[in-house]
Amino acid sequence: MATRAELRDVAIIAHVDHGKTTRVDAMLRQAGTFHAREEVPDRVLDSMDLEREKGITILAKQAAFHFGERRLNVVDTPGHADFGGEVERALAMVDGAMLLVDAAEGPRPQTRFVLRKAFEAGLPVIPIVNKVDRPDARIAEVIDETLELFFDLDAPESQLDIPCLFGSARDGWLSTVQPEGSVAEKPVGGDLAPLVDALFAWLPAPAYTDGAPLQALVTNLDASPYLGRLAICRVVEGTIRKGQQLAWCRRDGSIERARCVELLVAEGLDRIPTEAAGPGELIAVGGIDEITVGETLADPEAPVALPLLHIDEPSLSMTLGVNTSPLAGREGSKLTARMVRDRLDVELLGNVAIRVLPTERPDTFEVQGRGELQLAVLVEIMRREGFELTVGKPEVLTRTVDGVLQEPMERLSVEVPEEHLGTMTQLLAKRKARVEKIVHHGTGWVSLEHLVPARGLIGIRGELLTQTRGTAQIHHTFERYEPWQGVIRTRVSGSMVADRSGMTTPYSLASLAERGTLFLGPGEEVYEGMVVGESSRPEDMDVNPTREKKLTNMRSSSADLLVRLPPWRQLTLEQALEQADETECVEVTPETVRLRKVVLDQSERARGRKREARAAE
């Protein structure tokens, strides 16, 4: 097959916060993409507000570089396993990948996840040890751990011939020589030239067949205020031209006629119009309004569809519907079930990793995804668009194979100080976790790897940080399905539930603070069935947070003392989803996140508990 020697299509993969987007920043600067006096923000590819706030990449994005006569298309992928659908789509666009590994942390569970996806796609990988200037860097050990990971994932033998690179994405340099000692400094005149040379030396050029008809795979979607929907494609065979008639091969097997109204290619961070694009090019096609991910644009004379993208099955679900609380409609502008359904349909077009199913109620939908973070990000985006929602507790998706009920298992990696090792082990044992590996780094920290049921991780982050005084670091990724592990009781505390509507008072909250942890402060509006705090007892408590101090004509020396409240815990969306149990849900508005009972009426909840008790007997 013929190849395009001057072009490389490369994905950059790594665990969360190992330097992918920072590496692309350095490549953009050294390629001369920005003017010398132009002010460029850090992590320029993380363009979403939510990406900058959380410090993670959520959507895969593309940048293009020119290094002399050589051209490079780089796709920045998310490092979190919950956004694995973005990773799988990005890997369908490229011929190779760069793997970044932190020089201190080494390979983590999500390093394993994205690397496994690359090997399954048959891509060669260039390993890069990043952040070698960290004072706690352990470069030699990280190289060994990376090679062990290659063997565990059954990497092809040719992968072991590719040399490892060393450098710092923040300082914009790489070297082919392993630094001596534990900490490396930037060499004089160091830049990213060794990386570009390695990419063109070790990764294959796009291959194609001379004279073959057009085939272009749609891997992503974008939108333009002038052109409408844009189909992001990889040209596999042939040449596509602006204004050309196309055969649109749809997911259902049908073929329709379409036209390439506009053709764009990447240049730096922008897209510029072009008249034609050949094999290996990453392009954007405008003018096909209903096109979706996984479909093929082909030659009308010989329309042959490419294989559909394979996306892993969802492992978690939650219900999502309109806001049904007494305070509904005060903050949001999008309140109806039709608006929610239309927004979820739009999300389905570009996000192939989620599914939306109807439920028994017409105003509630079941949303399935990869993990809690992915579903929480979807809800957060919707609330910022003006939606008011009721979100149910996340639940795992089970399956039955040969009559055996199976559930998803996660590989959990935890780093804790040595003094919290016992607490950590006890906490995970209650959630049916199995120890896979324990590593003492000799620096006072311990790394643990466990296999744990996915449902055992729901709500674990808050409890883990509390037990370890905020020092633990946890990461997890889907591993496999195993038989049902038995009953897991993940929450041992009950809720303090408001028994009436009104405004909270300092006098009432002061007495409630002695019985648990508060979720709100004084002067906030509550309603019957709203959760105002976490009880120190295992059962729920119905409380009155609106009680006022009665005035009398008796004087005392302490009558007018200031009421001092302990700090209350303001729940974020992720924390509220973790905190909720089976009888609770989360009310989400553009301004507020509230935890509430599914059944608001106090007497109705009491009758339900009695019915459950009689059924248990």
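Here the structure is a predicted model, which means the values were calculated and not measured.

A. Broad picture of the overall build of the protein. Counting its regular elements, the protein contains 13 helices and 37 strands. Looking at the 617 residues of the protein, the share that counts as buried comes to 54%. By sequence separation, contacts in the protein at least 24 residues apart represent 72% of the contacts at least 6 residues apart. With an accessible surface of roughly 28500 Å², the protein has 49% of that area assigned to carbon and sulfur atoms.

B. How the structure looks around the packing of aromatic side chains. Tallied over the entire structure, the rule returns 1 aromatic pair. Measuring from centroid to centroid gives 5.8 Å for Phe119 and Phe150, while their planes differ by 70 degrees, and the two rings are edge-to-face. One end of the pair, Phe119, is in helix α4 (residues 109–120); the other, Phe150, is in helix α5 (residues 139–152), with 31 residues separating them in the sequence. Residue classification places Phe119 among the buried residues on the basis of a relative accessible area of 14%. With relative accessibility at 3%, the residue Phe150 sits in the buried group. Directly above the aromatic system of Tyr481 lies the positively charged group of Arg399, at a separation of 3.9 Å from the ring centroid. Cation over ring: Arg455 sits above Trp484, and NZ or CZ is 3.8 Å from the ring centre.

C. Expanded view of the nonpolar core. Ranked by internal contacts, the top residues of the largest apolar core, which has 37 residues, are Ile13, Leu91, Leu115, Val129 and Ile139. Of all the secondary-structure elements, those providing two or more residues to this core are β2 (7–14), α3 (84–91), β5 (96–102), α4, β6 (125–130), α5, β11 (228–237) and β18 (282–286). Sequence-distant contacts of Leu115, that is, excluding residues within four places in its chain, are made with Ile13, Leu99, Val125, Leu149, Phe150 and Leu153. Among the nonpolar cores identified, the runner-up in size contains 31 residues, and Phe365, Leu378, Leu577 and Ala580 belong to it.

D. Just the sheet that holds strand β19 (residues 296–298), in detail. Taken in spatial order, the 8 strands of this open sheet run β14-β13-β19-β10-β11-β18-β15-β16, and their pairing is antiparallel. The sheet terminates laterally at β14 (255–259) and β16 (270–273), the two strands that pair on one side only. Strand after strand, the sheet turns through a mean of 40 degrees between neighbouring axes, direction not considered. With 3 bridges joining them, strand β13 (residues 245–249) and β19 adopt antiparallel strand pairing. Residue pairing in the sheet places Cys249 in a bridge with Thr296 of β19.

E. Here's a closer look at unusual backbone geometry. The residue Asp154 is not glycine, and still its phi comes out positive at about 55 degrees. The topology assignment puts Asp154 in the loop between α5 and β7 (165–168). Unusually for a residue other than glycine, Asp402 sits at a positive phi of about 55 degrees. Along the polypeptide, Asp402 turns up in the loop between β25 (399–401) and β26 (404–417). What makes Asp402 exposed here is its relative accessible area of 77%.

F. The packing of helix α9 (residues 421–429) against helix α10 (residues 460–467), seen in detail. At a closest axis distance of 10 Å, the pairing of α9 and α10 adopts a crossing angle of 155 degrees. By the angle between their axes, α9 is roughly antiparallel relative to α10. Remark: the crossing between α9 and α10 carries right-handed chirality. For the pair α9 and α10, contact is made by Thr423, Met424, Leu427 and Leu428 and by Ile460, Glu463, Leu464 and Gln467, respectively. Within the contact of α9 with α10, the residues separate by chemical class into 5 nonpolar, 2 polar and 1 charged.

G. Here's a closer look at the side chain of Glu295. With respect to the helices, strands and loops of the structure, Glu295 is situated in the loop between β18 and β19. Buried and without a salt bridge, Glu295 has Arg250 as its closest oppositely charged side chain, separated by 4.1 Å. A polar contact is formed between the side chain of Glu295 and the backbone nitrogen of Thr292, at a distance of 3.2 Å. Among residues more than four places away in sequence, those in contact with Glu295 are Ala216, Leu217, Val218, Trp248, Cys249, Arg250 and Arg251.

H. Quick peek at α9. Turning to α9, its buried residues number three or more, namely Leu421, Met424, Leu427 and Leu428. Projected onto a plane normal to the axis of α9, the buried residues spread over an arc of 130 degrees and lie on a single side. Close packing links the buried residues of α9 with β26, β27 (434–440), β28 (445–453) and α10.

Here is what the cut-offs are and how they apply
Residues numbered from 1 in each chain as written. Predicted model: local features only at pLDDT ≥ 70, side-chain atom pairs only at ≥ 80, totals over all residues. Heavy atoms only, no water. Helix = DSSP H or I, 4+ residues; strand = E, 2+ residues; numbered from the N terminus. Buried < 20%, exposed > 50% of the residue type's maximum accessible area, 1.4 Å probe, protein only. Contact = heavy atoms within 4.5 Å. Areas by Shrake-Rupley, 256 points an atom, 1.4 Å probe, with all protein chains shown as cover. Phe/Tyr/Trp six-rings, centres within 6.5 Å; stacked < 30°, edge-to-face > 60°. Lys NZ or Arg CZ within 6 Å of the ring centre and 35° of its normal. Core = buried A, V, L, I, M, F, W, Y, C linked by side-chain atoms within 4.5 Å. Pairing = 2+ DSSP bridges. Axes fitted to C-alpha atoms, helices over the stretch in contact; angles between N-to-C directions. Parallel < 35°, antiparallel > 145°, perpendicular 65-115°, else oblique. Left-handed = near helix turned anticlockwise from the far one by under 90°. Nonpolar A, V, L, I, M, F, W, Y, C, P; charged D, E, K, R; others polar. Lys, Arg positive; Asp, Glu negative; His and termini not counted. Salt bridge = Lys/Arg side-chain N within 4 Å of Asp/Glu carboxyl O. Polar contact = N/O pair within 3.5 Å; in protein donor to acceptor, adjacent residues only side chain to side chain. Arc of directions from axis to C-beta.

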